[in-house]
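So you can see what is in the structure, the chains are spelled out below.
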Amino acid sequence: MTQQDNPLTWGTEPATPKRQFHAMVKPIGATCNLDCTYCYYLHKNDLLGQKSPKMSDEVLEEHIKQYIESQDGDEIVFSWQGGEPTLLGLDFFHKIVELQDKYRPKHQRIENDLQTNGVLLDDDWCRFLRKHKFLVGLSIDGPRELHDRFRVTKDAKPTFDQVFASAKLLRRHGVKFNTLSVINRENAKHPLEVYRFLSREVHPDRLQFIPCVEPMIFEQVAPQQCDAYTLPIIGTKRALPGASDSIVTDWSIHPDDWGEFLCVIFDEWYKRDVGRVFVNIFENCVAQWLGLDAQMCVFHEFCGKGVAIEHDGSVYSCDHYVYPEYRLGNITEQSIGDMIFSRRQMDFGFAKRDALTQWCRQCEYLFTCHGECPKNRLLLSPDGEVGVNYLCSGFKKFFAHIDGRMREMAARIRGGGEARPQAQKQHKFKRRKRPRSK
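The shown structure was predicted, so the numbers you read here are calculated from the model rather than taken from an experiment.

Reading guide: rules and limits
Counting of residues starts from 1 at the beginning of each chain's written sequence and follows it residue by residue. The model is predicted, so local features are restricted to residues of pLDDT at least 70 and side-chain atom pairs to those at 80 or more, both for listing and for counting; the totals for chains, interfaces and linings are taken over all residues. Here the side-chain values reflect all heavy atoms present in the structure, with hydrogen atoms and water set aside. Where helices and strands are cited, they refer to DSSP runs of H or I of at least four residues and of E of at least two residues respectively, numbered from the N terminus. A helix is expected to span 1.5 Å multiplied by its residue count minus one. Any residue under 20% of the maximum accessible area for its type is buried, any over 50% is exposed, and the rest in between are partly exposed; the area is computed with a 1.4 Å probe on protein chains only. Throughout, the arc means the angular range of directions from the helix axis out to the C-beta atoms. Should any heavy atoms of two residues lie within 4.5 Å, those residues are considered in contact. For this text, the term disulfide refers to a pair of cysteine sulfurs within 2.5 Å. Two strands pair if DSSP finds at least two bridges between them. Axis geometry follows a simple rule: fit a line to the C-alpha atoms, using only the stretch in contact for helices, then measure angles between N-to-C directions, giving values from 0 to 180 degrees. Nitrogen and oxygen atoms within 3.5 Å of one another constitute a polar contact, given that in protein one can donate a hydrogen and the other can accept it, and given that sequence-neighbouring residues count only through two side-chain atoms. Confidence scores labelled pLDDT are given residue by residue by the predictor and lie between 0 and 100. Only Phe, Tyr and Trp rings are paired, with Trp represented by its six-membered ring, and only when their centres lie within 6.5 Å; those with planes under 30 degrees apart are stacked, over 60 edge-to-face, the remainder tilted. Counting as a charge over the ring demands two things of the Lys NZ or Arg CZ atom: a distance within 6 Å of the ring centre and an angle within 35 degrees of the ring normal. If you view a crossover with the strands going away from you and the path from the first strand over the helix to the second runs clockwise, you call it right-handed. Geometric relationships in this document are graded by angle, where less than 35 degrees denotes roughly parallel, more than 145 denotes roughly antiparallel, 65 to 115 denotes roughly perpendicular, and other angles denote oblique. Crossing handedness is defined as follows: a turn of the near helix away from the far one that is anticlockwise and smaller than a right angle gives a left-handed crossing, while the clockwise case is right-handed.

K.L.:
So what exactly am I meant to see when it comes to helix 3 (residues 90-103) here?
P.N.:
Think of an α-helix as turning once every 3.6 residues; residues three or four places apart then point the same way. Along its 14 residues, helix 3 runs 20 Å from first to last C-alpha, staying within 8% of the 20 Å computed at 1.5 Å per residue. All of the buried residues in helix 3 are Phe92, Phe93, Ile96, Val97, Leu99 and Gln100. Across the axial projection of helix 3, the buried residues extend over an arc of 160 degrees, all falling on one side. Looking at helix 3, the residues exposed on the side facing more than 90 degrees away from the buried face are Asp91, Glu98, Asp101 and Lys102. Packing partners of the buried residues in helix 3 comprise helix 2 (57-69), strand 2 (75-80), strand 3 (109-116) and helix 4 (123-131).

This is the structure we're talking about:
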């Protein structure tokens, strides 16, 4: 058995093989107190036949027990998502930390992430989060008019005031938090406004930007399950948002706008904020131009070691693949470790590399992109190959824009110097741990 085929290490080459993976847990399923237009998860209740989903005490304990037993790294990270997980209340989360203490071996460290829209956060929540060192992922899409464009309540009311107040509350209590910003067709046109608001007024530990890409049929058809003849060729009208027969929803980002958004905020970051403001995709690029592994799963050569667990214990291949076709099993019936390191899931992970088009394989930026997330491979190449990433043109523009400066930064870091040229120096560049939130 080769290193690549070893189920303990597939996709990696560590000095000492370890069973390590990551699970995004949905203890309340898709139930949420908001009705965000672009949400890719709200329809799961109907798709999976869920009614008032909530993880039972039995399933919660089984998950925590198995998750700890299935991994042998020094650190085990639990990620709690939804839907909106704070709807479960503080008692549920007190139970989580009690069970983690019960099953945690002395040589391992437990950490927790909580992704939230922030609406229900209060002083009690923040005291709990600070005490137990939760890292919070706070969903906020920019200043008021941009955030409220899509992030609204069930009765279509804006949410900005509540979310911005929660950011201040988290800072006041000393809770570490990242911002999770969905970059959609609207806020993508205002890169500096979004970046400056988040970095100068919200002040998170890290900024994470997520491009909004959803096929028109995402509520009914799983990723990579549509007929190839329905896919458009890259660069054609159907391959862009806004057309009546577009492959994507109207709120999906235009790929060229995504590239421009990244270029503009990179220039601002490089000029003023290196070492002071941490942006997930820029940190990832620094690592890859240094020849290191990607820090973000979408840019890794393989995938499959980050699964989703629904409230009933069902395990799915990925957070974006929670569809019946990608259900691996249930933790009440078999070990989560066995499911994740199964041949089926390994094949899912290796398919990211093996299904690359020649269009991708010939690209000079393959080393950093690796075809990005497979769920975004919605287009045909000019030669008709299936599997070109919807965001391809935007990423190419961005990678070409930063290439020279990334090479300079990588050379300085390799030489033991600082990432910034001395003439522009403001803060020493410090490499940080990879972000743990979605």
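K.L.:
Honestly, the state of the cysteines in this entry has me stumped. Any pointers?
P.N.:
Covalent bonding between the sulfur atoms of two cysteines defines a disulfide. Taken as a whole and judged by the stated rule, the model has zero disulfides. Free of any disulfide, Cys363 has its nearest neighbouring cysteine sulfur in Cys392, separated by 6.3 Å.

K.L.:
Is there a simple way to think about the sheet that holds strand 9 (residues 327-330) in this case?
P.N.:
Either a parallel or an antiparallel arrangement is found when strands of a sheet pair, and the pairing is made through backbone hydrogen bonds. Taken in spatial order, the nine strands make up an open sheet running 6-5-4-3-2-1-7-8-9, and their pairing is mixed. The two strands at the open ends of the sheet, each matched to only one other strand, are strand 6 (206-211) and strand 9. Each adjacent strand pair in this sheet contributes to an overall mean axis angle of 25 degrees, direction not counted. Pairing analysis gives four bridges linking strand 4 (residues 135-139) to strand 5 (residues 177-183), with the strands arranged parallel. Bridge pairing in strand 5 links Ser139 to Leu180.

K.L.:
Which parts of the structure should I look at to understand unusual backbone geometry?
P.N.:
Generally, phi is negative for residues other than glycine and the peptide bonds are trans, each holding for most cases. The amide bond that connects Gly82 to the next residue, Gly83, takes the cis arrangement and shows omega of 10 degrees. Along the chain, Gly83 falls in the loop between strand 2 and helix 3. Despite not being glycine, Ala156 has its phi angle at roughly 65 degrees, a positive value. Structurally, Ala156 can be placed in the loop between helix 5 (144-147) and helix 6 (160-173). Residue Ala156 is classed as exposed on the basis of its relative accessible area, which comes to 57%. Phi at Glu372 is positive, roughly 50 degrees, even though this residue is not glycine. Take Glu372: it is sitting in the loop between helix 13 (366-369) and strand 10 (379-380). Judged by its relative accessible area of 4%, Glu372 falls in the buried class.

K.L.:
Any chance you could explain the environment of Lys26 here in plain terms?
P.N.:
Counting through the fold element by element, Lys26 comes out in the loop between strand 1 (22-25) and helix 1 (44-47). Judged by its relative accessible area of 1%, Lys26 is buried. Linking Lys26 and Gly313, residues 287 residues apart in sequence, is a C-alpha distance of 9.2 Å. A polar contact of 3.2 Å, which involves the side chain of Lys26, links it to the backbone oxygen of Gly82.

K.L.:
Can you help me understand the pairing of strand 1 in this one?
P.N.:
Looking along a regular strand, one sees the side chains alternate between the two faces of the sheet. Where strand 1 meets strand 7 (residues 306-309), four bridges bridge the pair, whose relative direction is parallel. Within strand 7, the position partnered with His22 by the bridge is Gly306. Note: strand 1 against strand 2, two bridges, orientation parallel. Across the sheet, the residue bridging to Val25 is Trp80, located in strand 2.

K.L.:
Hey, could you run me through the confidence of the model for the protein in this one?
P.N.:
Caution applies to low-pLDDT parts of the model: their predicted coordinates are not meant to be read in detail. Averaged over every residue, the pLDDT of the protein is 91; the share at 70 or more is 91%. Contacts for the low-pLDDT stretch residues 1-17, under 50 throughout, to residues beyond four places or in other chains number 37 contacts. Predicted confidence for residues 422-438 stays below pLDDT 50, and this span has 63 contacts to residues more than four positions away or in other chains.

K.L.:
Where do I start with the packing of aromatic side chains in this structure?
P.N.:
For the structure on display, the rule yields 35 aromatic pairs. Both rings, one in Trp289 and one in Phe367, keep their centres 4.9 Å apart while their planes meet at 80 degrees; by these two values the pair is edge-to-face. Separated by 78 residues along the polypeptide, Trp289 in helix 9 (residues 280-289) and Phe367 in helix 13 bring together distant segments of the chain. Judged by relative accessible area, Trp289 falls into the buried class, the value being 8%. For Phe367, a relative accessible area of 35% gives the class partly exposed. Ring centres 6.4 Å apart and planes at 70 degrees place the aromatic pair Phe299 and Phe399 in the edge-to-face group. Residue Phe299 is found in the loop between helix 9 and strand 7, and its partner Phe399 is found in helix 14 (residues 392-414); the two are separated by 100 residues along the sequence. The residues Phe299 and Phe399 share a single accessibility class, namely buried. A cation over an aromatic ring shows up here: Lys26 above the ring of Tyr41, its NZ or CZ 4.2 Å from the ring centre. Between the NZ or CZ atom of Arg405 and the centre of the ring of Tyr270, over which it lies, the distance is 5.3 Å.

K.L.:
Where do I start with the side chain of Glu283 in this structure?
P.N.:
By the secondary structure assignment, Glu283 is in helix 9. Assessed through its relative accessible area of 8%, Glu283 is described here as buried. Within the local environment of Glu283, its side chain forms a polar contact with the side chain of Arg206, the two groups lying 2.7 Å apart.

K.L.:
Honestly, the pairing of strand 2 in this entry has me stumped. Any pointers?
P.N.:
Buried residues dominate strand 2, accounting for five of its six residues. Sheet analysis places strand 2 next to strand 3, joined by six bridges and oriented parallel. Its bridge partner being in strand 3, Phe78 is matched across the sheet by Asn112. Once the chain exits strand 2 it traverses helix 3 before rejoining the sheet at strand 3, and the crossover so formed is right-handed.

K.L.:
For this particular structure, what's the right way to read the packing of helix 4 against helix 6?
P.N.:
To characterise two packed helices, one gives the angle between the axes of the helices and the distance between these axes. Contact geometry for helix 4 and helix 6: axes closest at 9 Å, N-to-C directions at 45 degrees. Considering their axes alone, helix 4 and helix 6 lie oblique with respect to each other. The handedness of the crossing between helix 4 and helix 6 is right-handed. Taken together, the residues of helix 6 that come into contact with helix 4 (itself represented by Asp123, Cys126, Arg127, Leu129 and Arg130) are Leu169, Leu170, Arg172 and His173.

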